[in-house]
Each structure stands twice: as structure tokens, then as C-alpha cells.
Amino acid sequence: MTLPMVVPAQDLPARVRIHEVGARDGLQNEKSVVPTEVKAEFVHRLAAAGLSTIEATSFVHPKWVPQLADAEALFPLLGDLDGVALPVLVPNERGLDRALALGARRIAVFASATESFAKANLNRTVDESLAMFEPVVTRAKERKAHVRGYLSMCFGDPWEGAVPVHQVVRVAKALVDMGCDELSLGDTIGVATPAHVQTLLAELNEEGVPTSSIGVHFHDTYGQALSNTLAALQHGVSTVDASAGGLGGCPYAKSATGNLATEDLVWMLQGLGIDTGVDLGLLTATSVWMAGQLGRPSPSRTVRALSHQES
């Protein structure tokens with residue numbers, strides 16, 4: 001491929017690690033349940049495209065996320081993916097036990113910056129949810145597992161509106177202080193703008209949270225995901241969450257539309273001369289294949305453009 005033309009920009013990371021969430025965050029929002037074998041093939045295809053971190057599944061109670069009820073069946077099917085990190089989401093100690101029993105080495109907890117979403121997603125207050133996560137993080141660290149802390153509603157909440165930066169920083173700092181190795185800042189309903197992103201990152205730095213431990217997770221509800229990602233890159237962030245084909249949203253926040261598409265992110269990063277290790281052609285083919293499994297076209301503009309060129 002001769003496009004995009006590579007025109008590097010100054011003061012950006014030389015390499016970005018893409019935290020691929022399509023197999024978990026993407027598929028959990030589907031109305032239908034995707035067969036376990038299809039999920040396994042999806043993860044293998046993503047790995048073959050060069051993605052080195054692929055969030056595999058979630059060990060939540062099947063009642064809450066029936067689309068991921070097959071976690072115990074799926075995870076062993078991914079054991080041949082040497083060199084690929086396979087994080088899994090765990091909501092509590094029971095979920096952690098299930099994940100560790102299958103050999104999971106990277107786990108994630110999912111907190112909220114707002115009381116309304118904490119109640120909707122976890123049926124707890126923010127502080128109650130943090131208290132629930134603390135033994136999960138402690139036990140995971142005792143087992144030498146890597147722990148990621150997701151923080152949702154960092155930029156806006158469908159019930160509460162604008163979320164004060166200091167409120168987000170308080171919960172983020174609590175996750176880091178309890179032992180999370182990495183913090184993912186979630187724009188769950190896609191309302192962030194670039195200066196807002198950079199202000200939050202600067203405030204976190206001032207409170208002692210290093211940029212090197214921060215990832216960003218943007219939704220494209222208002223078409224701002226790529227501009228917000230670029231703002232984060234300009235601040236030094238080098239971990240970006242994305243979902244192959246733009247799959248996903250949030251089952252607990254109806255205004256949350258699709259995640260940033262991995263292909264759209266890779267196209268921008270390639271144009272900036274930033275290494276990702278991802279083969280865009282193979283990734284696009286994977287998303288076209290997955291769209292066929294789901295019976296609808298991919299919302300990713302890059303997938304549509306490249307698949308149209310090849311047809």
C-alpha cells in the first residue's frame with residue numbers, strides 16, 4: 001500500500017501499543033451471542049495481524065453479560081498464542097478466581113468516575129466499588145498478574161452531564177494507589193474534546209500518575225475519537241484502546257456508540273510514521289470477516305474504504 005503518505009509530526013511517541021478490545025468490549029454489546037469457535041478465530045486473526053495485546057473476554061456473571069458467558073470455554077482455546085497478552089475483565093474476587101484458575105496473567109477491573117454509572121454498572125457507589133476492587137487487585141498482584149484499571153465516564157456522564165476533572169482524578173488516583181499497573185481513561189459516551197483530554201492528563205501528572213502508566217479509550221459518538229487520541233499522543237500517551245471494525249459500545253449507557261475503530265487508528269498512526277506492528281491489510285480482512293459473521297457491514301471508515309478498493 002502506498003497510502004497513507006508518511007509525514008511524521010514532532011514530539012509524538014515512536015511506537016504506540018494498541019490495546020485491542022474488540023473481542024471483549026466489542027462483542028459484549030452484540031444482541032446475539034457469537035459462537036465460542038468464532039470468537040477464538042477472531043482473536044487468532046487479530047494476533048496474526050500483529051496485535052500484541054488482545055482483551056479476550058470477561059469473567060462476569062453470565063446473567064449480566066450473556067454474550068461472554070463462555071469465558072471458561074474460550075480462554076483455553078487461546079493458549080497457543082505465544083507472545084500475545086490476553087487481558088480479561090474481572091468484576092470481583094469470584095471473577096478473579098475463575099480467571100486465575102485458567103492461567104490468566106493479565107486482569108482488569110472496571111471502575112466509574114461517577115456515582116450514576118457506578119450504580120448502573122456495579123450497583124454500588126464509587127467508594128463501595130473501589131472497596132470491592134481492592135482485594136481483587138491485591139490478590140492479583142500477589143499472583144504476579146498485571147492489573148489494568150478501567151475508569152469510565154471520565155469526560156461526561158449520560159445522567160450527570162459534565163464530570164469535574166478533580167472528581168475523575170480522585171478515583172483514578174485511588175486505582176493507582178491500590179496497585180493498578182495501568183490506567184485506562186474511558187470516554188464512555190464519546191463527549192471528550194482535545195483540550196479536555198490534555199487537561200485531565202496534566203492534572204493526573206500533577207497528582208503523581210505518570211503518563212507512561214496511562215492508556216486512553218475513546219468512543220466516536222461525536223466523531224472526536226481520533227482528534228482526542230492525537231491530543232493524548234501529543235501529551236506522551238503511547239497506549240491506545242481500539243476495537244477492530246469499530247465494534248462495541250456500552251450496554252449500561254445507551255448513548256455510548258462504537259469504540260474507536262482499530263483500522264482508523266492504524267491509518268492515522270501510519271501516516272504519522274508511528275510504529276504499531278499491525279498489518280493494516282490483514283486487520284481489515286479480519287474485520288470484514290467478522291462483519292460477515294455478524295451479518296452487517298463494519299462502521300469503520302477505513303475498513304469500508306480499503307475493502308471497497310479490493311472488491
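Residues numbered from 1 in each chain as written. Predicted model: local features only at pLDDT ≥ 70, side-chain atom pairs only at ≥ 80, totals over all residues. Heavy atoms only, no water.

A. The arrangement of the environment of S227 in detail. Structurally, S227 can be placed in helix α9 (residues 225–235). Accessibility expressed as a relative area gives 29% for S227, which makes it partly exposed. (Helix = DSSP H or I, 4+ residues; strand = E, 2+ residues; numbered from the N terminus. Buried < 20%, exposed > 50% of the residue type's maximum accessible area, 1.4 Å probe, protein only.)

B. Geometry of the packing of aromatic side chains. The tally for this structure, following the rule as stated, stands at 3 aromatic pairs. Here the aromatic rings of F110 and Y150 are separated by 5.6 Å at their centres, their planes lie at 40 degrees, and the arrangement is tilted. Taken together, the residues span a long stretch of sequence, with F110 in strand β5 (residues 106–112) and Y150 in strand β6 (residues 146–152) at a distance of 40 residues. Under the relative-accessibility criterion, Y150 is labelled buried at 3%. Ring geometry for F155 and F218: centres 6.1 Å apart, planes at 40 degrees, overall tilted. With a gap of 63 residues between them, F155 in the loop between β6 and α7 (165–177) and F218 in strand β8 (residues 214–218) connect regions that are remote in the sequence. When its relative accessible area of 4% is taken as the criterion, F155 is described as buried. (Phe/Tyr/Trp six-rings, centres within 6.5 Å; stacked < 30°, edge-to-face > 60°.)

C. Representation of the pattern of salt bridges. Inspection of the entire model under this criterion finds 15 salt bridges. Note that R296 is salt-bridged to E30, the shortest N-O span being 2.5 Å. One end of the pair, R296, is in the loop between α11 (280–294) and α12 (301–310); the other, E30, is in the loop between α1 (22–26) and α2 (36–48), with 266 residues separating them in the sequence. Close ionic contact of E72 with R98 constitutes a salt bridge, the shortest N to O distance being 2.7 Å. Within this pair, whereas E72 is found in helix α3 (residues 71–74), its partner R98 is found in helix α4 (residues 93–101), the two being separated by 26 residues in sequence. (Salt bridge = Lys/Arg side-chain N within 4 Å of Asp/Glu carboxyl O.)

D. Quick peek at α2. The end-to-end C-alpha distance of α2, which contains 13 residues, comes to 18 Å, matching closely the 18 Å that a straight helix rising 1.5 Å per residue would cover. Among all positions in α2, only T36, V38, K39, A40, F42, V43, L46 and A47 are buried. Buried positions along α2 lie against β1 (17–20), α1, β2 (53–54), α3 and α11. One or two steps after α2, the chain reaches G50, where phi turns positive at roughly 105 degrees. (Expected span 1.5 Å × (residues − 1). Contact = heavy atoms within 4.5 Å.)

E. Representation of α4. Listing the buried residues of α4 in full gives G95, L96, R98, A99 and L100. Looking at the packing, one finds that the buried side of α4 touches α3, β4 (88–89), β5 and α6 (126–142). A distance of 3.2 Å separates the backbone nitrogen of R94 from a side-chain oxygen at the start of α4, and that oxygen is part of N92. (Polar contact = N/O pair within 3.5 Å; in protein donor to acceptor, adjacent residues only side chain to side chain.)

F. Seen up close, the sheet that holds β2. Reading across the sheet, the 9 strands line up as β2-β1-β9-β8-β7-β6-β5-β4-β3 and stay open at both edges, with parallel pairing between neighbours. Looking at the sheet topology across the chains shown, the edges are occupied by β2 and β3 (57–58). With 2 bridges joining them, β3 and β4 adopt parallel strand pairing. The partner of T57 across the bridge, within β4, is V88. Set on the sheet, α9 makes contact with β7 (182–187), β8 and β9 (239–242); between it and β8 the angle comes to about 170 degrees. (Pairing = 2+ DSSP bridges. Axes fitted to C-alpha atoms, helices over the stretch in contact; angles between N-to-C directions.)

G. Focus on unusual backbone geometry. Residue K144 is not a glycine yet carries a positive backbone phi of 65 degrees. Mapping K144 onto the fold places it in the loop between α6 and β6. Non-glycine residue M153 carries a positive phi angle of around 60 degrees. By the element assignment, M153 lies in the loop between β6 and α7.

H. Fine view of a nonpolar patch on the surface. Together, L3, M5 and V7 give the surface a local cluster of nonpolar side chains, amounting to about 330 Å² of exposed area. Mapped onto the secondary structure, L3 falls in the segment before β1. (Patch = residues over 30% accessible without salt bridge, like charges linked within 9 Å, V, L, I, M, F, W, Y side chains within 5 Å. Areas by Shrake-Rupley, 256 points an atom, 1.4 Å probe, with all protein chains shown as cover.)

By themselves these figures say nothing about function.
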